[in-house]
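Architecture at a glance
Each chain is listed here by its residues.
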Amino acid sequence: MRQWWVRPAVRIGAALLLPFAVPLIITLLIWALPGDPASIICPPESCGGTAALAERWHLDAGPMSFFSHWMGQALQGDLGESWRFLQGESVSVLVREAVPTTLILMALALLPMGLASALGAKNAIPEKADPVLQVVGLVPAIVLALAAAAVVEVNYGTMSFAGEARWARILAGAAVLGLADGVFSGAVTGTRGLFRSEDQQRYVGIAILRGERKLPNTLPNVAPALAGQLRARCLHMLSGAVVVEAVLRIDGLGDLLWNGALWQDFGVVLAAATGFAGLSSLLLVVQALTEVLVAVHVRRAPAGVLS
Amino acid sequence: MSRGDASQVNRLPAGMLAAGCLLLLLAAAAMAPEHLPDVNPDLRYAQPSALPPFGADAAGRSLLHYATQGARVAVVPAIVAGLVVGVLAVIGGLLRAMGLRRIDGWIQGLGEIVGALPRMVVVLVIALILPRDARVLLPLALTWALLAAPGAMDEAAAVAERLGGARFVEALRAHGYSAPRIFLVHVVALNLRPVVVRQMAEVTMQVIFLEIALSYLALAQDQPSFTHPDSLKSWADLLNLGYTWLVFDDVQTGHALALGVALIGIVSVMALATGRAARAR
């Protein structure tokens with residue numbers, strides 16, 4: 001039987017690896033493609049003399065030289081400059097401004113998802129409502145985001161990005177992320193399914209006969225699976241955040257990544273993708289910690305059993 | 001009526017609905033013209049009553065062409081992505097059924113790492129490195145399929161595990177069944193089918209939505225799309241036309257929004273109905 005600490009240890013290892021692996025893979029991908037990396041990143045018809053650009057962007061000495069230079073600078077807090085999107089602007093500043101917005105957006109989007117999970121755990125939404133939930137869950141983020149953007153722009157104007165309008169955009173974005181692409185419906189049905197199958201275990205019936213409550217008994221056993229579901233949904237929401245931020249024009253990491261990709265700004269994409277890798281690592285760490293806490297909890301003798 | 005007959009009766013309408021939606025989308029893709037017709041100012045923003053069946057855009061061109069070209073851009077790559085996920089899910093299920101723990105473990109580990117990143121981030125990185133003259137949906141659809149595959153393989157493996165895994169296969173062998181019958185009929189067709197077909201349908205739907213999202217975002221910034229050449233229109237163009245109607249009072253393009261949402265609805269219904277049609281008895 002596998003030791004309890006193997007899974008959390010693998011997750012922590014992956015979390016440490018991810019922010020290094022993502023920029024490395026992107027760099028290797030560029031060099032793996034046929035042709036000169038400088039021409040791929042910025043075609044000669046758009047950028048002119050690629051030899052000079054290759055030297056300026058450290059693309060002239062191979063992938064590992066480029067990666068080690070970029071990573072060395074990144075570890076000192078310097079993510080370089082934007083190559084094309086906002087030419088010459090510091091990417092570190094752009095990322096520093098974008099990350100808090102995305103974190104706020106994600107934190108607010110967790111509210112509807114958390115509510116859905118609580119309703120699912122308490123079995124508060126009857127199974128008869130599942131077809132309705134399923135249909136609502138099919139609505140893609142782009143459609144809900146457009147509707148939300150229309151509401152915000154009709155009320156605040158199309159060029160309103162500060163103060164109350166900014167918060168309206170963030171709140172609308174969070175609502176879209178929490179509802180679209182099956183996040184809400186998946187949280188209800190997924191959590192309900194987990195608790196329902198756990199409730200059928202024999203120990204739950206015994207606990208009830210002993211006068212104990214169901215939830216404190218089942219929660220430690222479902223917590224690792226719940227944490228896994230939560231991480232999967234958060235990842236899904238991070239993916240959706242790119243669309244939601246770009247449609248609602250929220251200046252977050254997703255919007256930055258989108259603009260970087262659209263303008264073929266390799267400097268911005270590399271930094272934004274690494275930022276997303278960092279957020280993914282954070283989710284892996286949270287899941288690993290949950291698994292460790294549960295393992296520690298279930299290894300203590302439950303009060304009452306030995307008395 | 002036997003139990004099997006009853007479930008077949010229940011699954012038949014869903015199957016017919018799914019097949020109908022798929023045929024409609026394929027027919028639309030096949031009908032798509034290479035280029036939009038010439039501008040006709042007399043039919044500017046024509047409503048469906050004035051220019052059946054769907055009305056016209058700001059240049060008086062029928063929205064029917066938008067719908068068919070959008071289907072041409074998205075439907076075939078989405079189906080290919082669905083098939084890739086289906087094949088990989090079957091492999092995941094078969095590995096568990098064969099009891100090949102080591103390979104299964106490696107694939108699970110790889111899936112954990114691949115699945116640790118938001119899919120849209122990976123798709124955008126791939127979009128970034130695609131040459132401008134090779135901007136089609138297929139590479140992005142395949143990327144999406146590969147990112148969705150670990151989840152599908154995991155679910156199929158869980159089904160095979162619940163079935164009894166290698167012990168189930170051994171039991172059937174003991175009954176004298178041949179390997180193709182055991183794996184293709186009993187494992188894949190009878191047990192993995194509901195999961196595999198649902199995953200295929202979901203990924204097909206997700207890729208179509210991905211195309212719409214990527215095209216819309218590029219369109220909103222007046223940039224070329226990652227998914228199709230400029231000569232073609234996407235369903236995102238319909239949403240974009242409709243969005244102007246939502247925000248500005250003087251633009252009468254509500255019919256474009258209705259058509260865009262209806263097409264998205266058809267894709268969603270197809271995915272939902274396919275999943276129901278393939279459901280276990």
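What counts and how
- Residues numbered from 1 in each chain as written.
- Chains lettered and ligands numbered in written order.
- Predicted model: local features only at pLDDT ≥ 70, side-chain atom pairs only at ≥ 80, totals over all residues.
- Helix = DSSP H or I, 4+ residues; strand = E, 2+ residues; numbered from the N terminus.
- Buried ≥ 20, exposed ≤ 12 C-beta atoms within 10 Å, placed from the backbone.
- Contact = placed C-beta atoms within 7 Å.
- Bend = angle between axes of the 7 residues up to and from the residue.
- Core = buried A, V, L, I, M, F, W, Y, C linked by C-beta atoms within 7 Å.
- pLDDT = per-residue confidence, 0-100.

So, on to the overall build of chain B. When helices and strands are counted, chain B shows nine helices and zero strands. Across its three principal axes, chain B shows a C-alpha extent of roughly 75 × 50 × 30 Å. Per-residue burial over chain B gives 48% buried out of 281 residues. Considering only contacts within chain B whose residues lie at least 6 apart along the sequence, 71% involve residues at least 24 apart.

The axis of helix α7 (residues 179-220) of chain B is deflected most strongly, by about 70°, at B:Leu192, and proline B:Pro194 appears within four residues downstream. Looking one or two residues beyond α7(B), the residue adopting positive phi is B:Asp222, at roughly 60°.

Right, let's get into the interface of chain B and chain A. Contacts between the two partners involve 30 residues from chain B and, on the opposite side, 36 residues from chain A. At the level of elements, α3 (101-114), α4 (119-129), α7, α8 (235-247) and α9 (254-277) of chain B are the ones that each hand at least two residues to the side of chain B that touches chain A. Looking at the side of chain B that touches chain A element by element, the count peaks at eight residues for α4(B).

Glancing now at the nonpolar core. If you look at the biggest cluster of nonpolar residues, it comprises 177 residues, and the most contacted ones within it are A:Ala145 and A:Leu257. Here this core takes 20 residues from α7(B), the largest share from any one element. The residues touching A:Leu257, leaving out its near neighbours within four places in the chain, are A:Val242, A:Val269, A:Ala272, A:Ala273, A:Phe276, B:Val121 and B:Leu124.

This next bit is on the environment of B:Thr143. Residues and elements named next belong to chain B. Counting through the fold element by element, Thr143 comes out in helix α5 (residues 137-163). In this structure Thr143 comes out as buried when scored by C-beta crowding, with 20 C-beta atoms within 10 Å. C-alpha of Thr143 to C-alpha of Val122: the two residues are 21 residues apart in sequence and 7.9 Å apart in space. Other than its neighbours up to four places away in sequence, Thr143 contacts Val122, Val123 and Ile126.

With 96% of its residues at a pLDDT of 70 or more, chain B shows a mean pLDDT of 90. If you check the scores for this complex, the pTM reads 0.91 and the ipTM reads 0.89.

A separate point is the environment of A:Val91. Residues and elements named next belong to chain A. Topologically, Val91 is positioned in helix α6 (residues 91-121). Under the C-beta neighbour-count criterion, Val91 is labelled buried, with 26 such atoms within 10 Å. Taking the C-alpha atoms as reference points, Val91 and Gly267, separated by 176 residues in sequence, lie 7.5 Å from one another. Among residues more than four places away in sequence, those in contact with Val91 are Leu79, Gly80, Glu81, Ser82, Gly267, Val268 and Ala271.

Let us look at the environment of B:Gly151. All names here are of chain B. You can see Gly151 is positioned in helix α5. Note on Gly151: 19 C-beta atoms within 10 Å, which makes it partly exposed. Taking the C-alpha atoms as reference, Gly151 lies 7.5 Å from Gly111; in sequence the two are 40 residues apart.

In this section: unusual backbone geometry. Residues B:Pro52 and B:Pro53 are joined by a peptide bond in cis, for which omega reads 0°. Structurally, B:Pro53 can be placed in the loop between α1 (3-31) and α2 (63-98). In the Ramachandran plot, A:Asp181 falls in the positive-phi region, its phi being about 55° despite a non-glycine side chain. Note that A:Asp181 resides in the loop between α9 (163-179) and α10 (183-199). Among the residues examined, A:Asp181 registers 24 C-beta atoms within 10 Å and is labelled buried.

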